[in-house]
Amino acid sequence: MFVKPSKIAVPAMMLLLAGGCSTVGEFDESGGITAIRSACPAVAVAAATGDITLFDPPASRDAKAIDVEASLTNVRSTCANTGDDINTAVTFDVRARRARAEGARDVTLPFFIAALQGGNAVVAKRIGQVTVHFDAGQVRASASGTANTTISRAAATIAPDIRKKIMEKRKAGELDAASDPLTRPEIRQAVLRATFEAILGFQLTDEQLKYNATR
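All figures in this text were calculated on a predicted structure; none of them were measured in a lab.

Colleague: Any chance you could break down the overall build of the protein for me, citing the residues and the numbers?
Modeller: From N to C terminus, the protein includes four helices and nine strands. Reading the protein from its N end, one meets helices and strands in the order β-α-β-β-β-β-β-β-β-α-α-β-α. Across the 215 residues that make up the protein, the buried fraction comes to 38%. Partitioning the contacts of the protein with sequence separation of at least 6, the portion at a separation of at least 24 is 67%. Summing over all exposed atoms, the protein offers an accessible surface of approximately 11,800 Å²; the carbon and sulfur share of this is 53%.

Colleague: Just give me the short version of the pattern of salt bridges, but keep the residues and values in it.
Modeller: Tallied over the entire structure, the rule returns six salt bridges. The partner of Asp56 in a salt bridge is Arg100, and the shortest N-O contact between them spans 3.3 Å. In this pair, Asp56 is assigned in the loop between β3 (51–55) and β4 (66–80) and Arg100 in the loop between β5 (85–98) and β6 (105–117), connecting sequence segments 44 residues apart. Owing to a relative accessible area of 43%, Asp56 belongs among the partly exposed residues under this scheme. Assessed through its relative accessible area of 38%, Arg100 is described here as partly exposed. The residue Glu102 makes a salt bridge to Arg100 at a minimum N-O spacing of 3.9 Å. Residue Glu102 is classed as exposed on the basis of its relative accessible area, which comes to 57%. Each of Asp56, Asp67, Arg100, Glu102 and Arg105 takes part in one network of salt bridges that share partners.

Colleague: With reference to specific residues and values, describe the state of the cysteines.
Modeller: Here the structure, examined in full by the defined rule, presents one disulfide. Bridging Cys40 to Cys79, the disulfide has an S-S length of 2.1 Å. Taking the sign of the S-S torsion, -90° for the link of Cys40 and Cys79, the bridge is left-handed. One end of the pair, Cys40, is in the loop between α1 (14–17) and β2 (42–45); the other, Cys79, is in strand β4, with 39 residues separating them in the sequence.

Colleague: So, the confidence of the model for the protein: which residues are in play, and what are the values?
Modeller: Any segment with low pLDDT has predicted coordinates that should not be analysed in fine detail. Averaged over every residue, the pLDDT of the protein is 82; the share at 70 or more is 76%. Averaged pLDDT values over the elements of the protein bottom out at 33 in α1 and peak at 98 in β3. Across residues 1–35 the pLDDT falls below 50, and counting only partners more than four positions away or on other chains, this stretch makes 92 contacts in the model.

Colleague: With reference to specific residues and values, describe the environment of Phe112.
Modeller: For Phe112, the location among the structural elements is in strand β6. Phe112 sits in the buried class, given a relative accessible area of 3%. Linking Phe112 and Ile199, residues 87 residues apart in sequence, is a C-alpha distance of 8.1 Å.

Colleague: Account for the side chain of Thr49, naming residues and giving values.
Modeller: Tracing the chain through its elements places Thr49 in the loop between β2 and β3. Reaching out from Thr49, the side chain makes a polar contact with the backbone oxygen of Ala46 at a distance of 2.8 Å. Contacts of Thr49, omitting those with residues within four sequence positions, involve Leu72, Phe112, Leu200, Gly201, Phe202, Leu204 and Leu209.

Quick notes on the rules
Residues numbered from 1 in each chain as written. Predicted model: local features only at pLDDT ≥ 70, side-chain atom pairs only at ≥ 80, totals over all residues. Heavy atoms only, no water. Helix = DSSP H or I, 4+ residues; strand = E, 2+ residues; numbered from the N terminus. Buried < 20%, exposed > 50% of the residue type's maximum accessible area, 1.4 Å probe, protein only. Contact = heavy atoms within 4.5 Å. Areas by Shrake-Rupley, 256 points an atom, 1.4 Å probe, with all protein chains shown as cover. Salt bridge = Lys/Arg side-chain N within 4 Å of Asp/Glu carboxyl O. Disulfide = S-S within 2.5 Å. pLDDT = per-residue confidence, 0-100. Polar contact = N/O pair within 3.5 Å; in protein donor to acceptor, adjacent residues only side chain to side chain.

Shown next as structure tokens:
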């Protein structure tokens, strides 16, 4: 289900630098910009949310009280870039370790996927669960999970006038020949508004976030 957008611990520009399929190209030889840009969002794990630690008792933060530790890994995505909406399906693995091996056990962990616009605005968020099964006598286990998010193609499309300014040719000797149009505030902001990321992570409590940030 979708929930009300909320704050997520992620640096404003981190995901723009983390890789993915949303890019703006380089200057070409004639002084214009060769734009290679997809509306598909880049996909990454949000800062400080890729790990989760469960304690027994829950209120303890003593290393001896660690019950289960788990990490997100092998995050992959597939983008359906057709129609009015852009759908991104994400798959991932969870690798977990428990402190005690006796008996079989299932541990259910909550995760989220969110659509981030312009590097810092959460416009949609979906919460799910993944269950890790430990066999009796085993302290390690893994599970696979899936998530998806949808963004509007219109919102992820750069306006024609902005695109024209980015793509226009620049002749040697002209005042703006050596200037990057992306340094102009109005162009940079327009590109940011049309840039989306899909961010994934464990749905952590405030205490769990603090633990991840300080351990």
